[in-house]
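# Structure assessment
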Amino acid sequence: MVCHRTKDMKRTVQDFWRRWARDYTSQLHQRSKWKQPSSNVQVGQLVLLQQDNLPVLQWPLGRVEKIFPGNDGRVRAVLVRTAQGQYKRGVTEISILPIDPDEDEGKVTTDEGLSEETQLNVAVQRRPEC
């Protein structure tokens, strides 16, 4: 009986995350009519590279390194750096994450992957009390 409840709970959690991932990423990549102005992609923005052969939760995460505007000044393609390398993609093939690119500006990342500010906070929390 407990085993069945556990399986049902796991299935419910998996369904929730599957729906959330599908709905959230589709919301990130909404296409509006061209009559409404929208902001251009900026260097430094975090994006997901859409791939038809992978589930949404496995799309590679990357950062825009270079933009390629068209004749009208609108960004048409971007160069994205991921953990696996650099990729040039059209703006219709990426989903921009709602994170401010200037938010983490000025923070130096160390070899451990944490900013110096975070490492300092961790060190202060671990300091033995006198």
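Residues numbered from 1 in each chain as written. Predicted model: local features only at pLDDT ≥ 70, side-chain atom pairs only at ≥ 80, totals over all residues. Heavy atoms only, no water.

Here we come to the nonpolar core. Core analysis: the biggest nonpolar cluster contains 8 residues, these being Val41, Val47, Leu49, Val64, Val75, Val78, Val80 and Ile94. Among the secondary structure elements, those contributing two or more residues to this core are strand 1 (46-49) and strand 3 (75-82). Examining the composition of this core, we find that 3 residues originate from one element, strand 3, more than from any other. Not counting the four nearest positions on each side in its chain, Val64 is found in contact with Val41, Gln42, Val43, Gly44, Gln45, Val47, Val78, Leu79 and Val80. (Core = buried A, V, L, I, M, F, W, Y, C linked by side-chain atoms within 4.5 Å. Buried < 20%, exposed > 50% of the residue type's maximum accessible area, 1.4 Å probe, protein only. Helix = DSSP H or I, 4+ residues; strand = E, 2+ residues; numbered from the N terminus. Contact = heavy atoms within 4.5 Å.)

Here we have 5 strands laid out as an open sheet, ordered 4-3-2-1-5, and antiparallel in their pairing. A strand with exactly one partner marks an edge of an open sheet, and here the two such strands are strand 4 (85-90) and strand 5 (94-96). Here the average twist between neighbouring strands, direction ignored, is 40°. As paired elements, strand 2 (residues 61-69) and strand 3 share 7 bridges and run antiparallel to each other. Directly across from Ile67, in strand 3, lies its bridge partner Val78. (Pairing = 2+ DSSP bridges. Axes fitted to C-alpha atoms, helices over the stretch in contact; angles between N-to-C directions.)

Moving on: the pattern of salt bridges. Tallied over the full model, the rule gives 4 salt bridges. A salt bridge links Arg11 to Asp8; the nearest nitrogen and oxygen atoms lie 3.2 Å apart. Here Arg11 pairs with Asp8, and both are found in helix 1 (residues 2-28), just 3 residues apart, close to one helical turn. The closest approach of N and O atoms between Asp15 and Arg18, which form a salt bridge, is 2.8 Å. Of this pair, Asp15 and Arg18 both sit in helix 1, 3 residues apart, which is roughly one turn of the helix. (Salt bridge = Lys/Arg side-chain N within 4 Å of Asp/Glu carboxyl O.)

The subject of this paragraph is the pairing of strand 2. Both strand 1 and strand 2 contribute to a ladder of 3 bridges, which runs antiparallel. By the bridge assignment for strand 2, Leu48 is matched with Leu61. Hairpin geometry of strand 2 and strand 3 is characterised by an intervening segment of 5 residues between the two adjacent antiparallel strands and by a positive phi of about 90° at Gly73.

A cluster of nonpolar side chains, contributed by Met9, Val13, Phe16, Trp17, Trp20 and Leu57, occupies part of the molecular surface with about 670 Å² of accessible area. Its place among the elements puts Trp17 in helix 1. (Patch = residues over 30% accessible without salt bridge, like charges linked within 9 Å, V, L, I, M, F, W, Y side chains within 5 Å. Areas by Shrake-Rupley, 256 points an atom, 1.4 Å probe, with all protein chains shown as cover.)

All right, on to the confidence of the model for the protein then. In the predicted model, the protein carries a mean pLDDT of 76, and 66% of its residues have values of at least 70. Contacts for the low-pLDDT stretch residues 108-112, under 50 throughout, to residues beyond four places or in other chains number 8 contacts. Throughout residues 124-130 the model reports pLDDT below 50, and contacts reaching past four residues in sequence, or to other chains, amount to 0 contacts. (pLDDT = per-residue confidence, 0-100.)

Take the environment of Asp72 next. Inspection of the secondary structure puts Asp72 in the loop between strand 2 and strand 3. The class for Asp72 is partly exposed, based on a relative accessible area of 48%. Within the structure, Asp72 has its side chain in polar contact with the backbone nitrogen of Arg74 (distance 3.1 Å). (Polar contact = N/O pair within 3.5 Å; in protein donor to acceptor, adjacent residues only side chain to side chain.)

One pair of aromatic rings is described through two measures. These are the centre distance and the angle between the planes. Taken as a whole and judged by the stated rule, the model has 1 aromatic pair. Between Phe16 and Trp17, the aromatic rings sit 5.3 Å apart at their centres with planes inclined by 75°, giving edge-to-face as the arrangement. Given a relative accessible area of 45%, Trp17 falls into the partly exposed group. The ring of Phe68 carries the charged tip of Lys88 above its face, separated from the ring centre by 4.2 Å. (Phe/Tyr/Trp six-rings, centres within 6.5 Å; stacked < 30°, edge-to-face > 60°. Lys NZ or Arg CZ within 6 Å of the ring centre and 35° of its normal.)

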